[in-house]
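Observations on the model geometry
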Amino acid sequence: AKAAAKRALELDPQLAAGHTAVAYATLHFDWDADKACRQFDQAIALNPAWVDAHHWHSHALCAAGRFSESLAACRQIVELDPLNPLMHAHVAWHHYMSRSYAEALTQAEQVVRMEPGFHWGYFFAGWALERLGRQSDAIARLKDAVRCSSSNPVMLAGLGHALASSQDRKEALKVARELERL
């Protein structure tokens, strides 16, 4: 992926998508959040409306521990793509990662109201509820995430974690076996 993105930039150094792809690979495979941030900055300068660049830039800022900047990037994403439930769920993720669990829950519940069949809203609501000590509510929301996602392994893992955290060994092991089967 990095080689293809670098080749694209050799052909067109002004390609925002190429800078975004290089930055994404730098963040996720080189684990260099600061370098990725600089590359995302280039992509955004070339195309300020490129939602993907803002989205992944926010992840890089969060990974670098720059939470206030990450939240500002999240707000920019929602302004650019206000009807996209994934971008609204991303804001919930941001709040969760910055340990603002009440704000994460508020944002996740907004996603659930916005798109009731979208699993990420339930997932982040469940994560936030678990951190807020509301185990049974967390489990209920994570079950909704599993249902809406047709048993996506990430959603199942979240449910398994909440079940294990609430000392429900039997149900947690059931989820673990389902994950192994998948």
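So, a few notes on the structure that sits alongside this text. Note that the structure is a prediction, hence the values are computed from the model and not measured. (Residues numbered from 1 in each chain as written. Predicted model: local features only at pLDDT ≥ 70, side-chain atom pairs only at ≥ 80, totals over all residues. Heavy atoms only, no water.)

**Brief notes about the overall build of the protein**
- Helix and strand counts for the protein come out as eleven helices and zero strands.
- With the C-alpha coordinates of the protein rotated into their principal frame, the extents come out at 55 × 35 × 30 Å.
- Sorting the 182 residues of the protein into buried and exposed places 45% on the buried side.
- Of all intrachain contacts in the protein linking residues separated by at least 6 positions in sequence, the fraction that spans at least 24 positions is 46%.
- Total accessible area on the protein is roughly 9600 Å²; 54% of this is exposed by carbon and sulfur atoms. (Helix = DSSP H or I, 4+ residues; strand = E, 2+ residues; numbered from the N terminus. Buried < 20%, exposed > 50% of the residue type's maximum accessible area, 1.4 Å probe, protein only. Contact = heavy atoms within 4.5 Å. Areas by Shrake-Rupley, 256 points an atom, 1.4 Å probe, with all protein chains shown as cover.)

**Details of the environment of tryptophan 31**
- Within the secondary structure layout, tryptophan 31 lies in the loop between helix H2 (16–28) and helix H3 (33–46).
- The class for tryptophan 31 is exposed, based on a relative accessible area of 74%.
- Expressed as a C-alpha distance, the spacing of tryptophan 31 and glutamate 10, which sit 21 residues apart in the sequence, is 23 Å.

**Overview of the packing of helix H1 (residues 2–11) against H2**
- Between H1 and H2, whose axes approach to 8 Å, the crossing angle comes to 150 degrees. In terms of orientation, H1 and H2 fall into the roughly antiparallel class. Pair H1 / H2 crosses with left-handed handedness. Seen from H1, the contacting residues are Lys2, Ala5, Lys6 and Leu9; seen from H2, they are Gly18, His19, Ala21, Val22 and Ala25.
- Considered class by class, the residues forming the contact of H1 with H2 number five nonpolar, two polar and two charged. (Axes fitted to C-alpha atoms, helices over the stretch in contact; angles between N-to-C directions. Parallel < 35°, antiparallel > 145°, perpendicular 65-115°, else oblique. Left-handed = near helix turned anticlockwise from the far one by under 90°. Nonpolar A, V, L, I, M, F, W, Y, C, P; charged D, E, K, R; others polar.)

**A short note on the side chain of serine 70**
- Inspection of the secondary structure puts serine 70 in helix H5 (residues 67–80).
- Judged by relative accessible area, serine 70 falls into the buried class, the value being 0%.
- Here serine 70 is in contact with Ser58, Leu61, Cys62 and His94, once residues within four sequence places are set aside.

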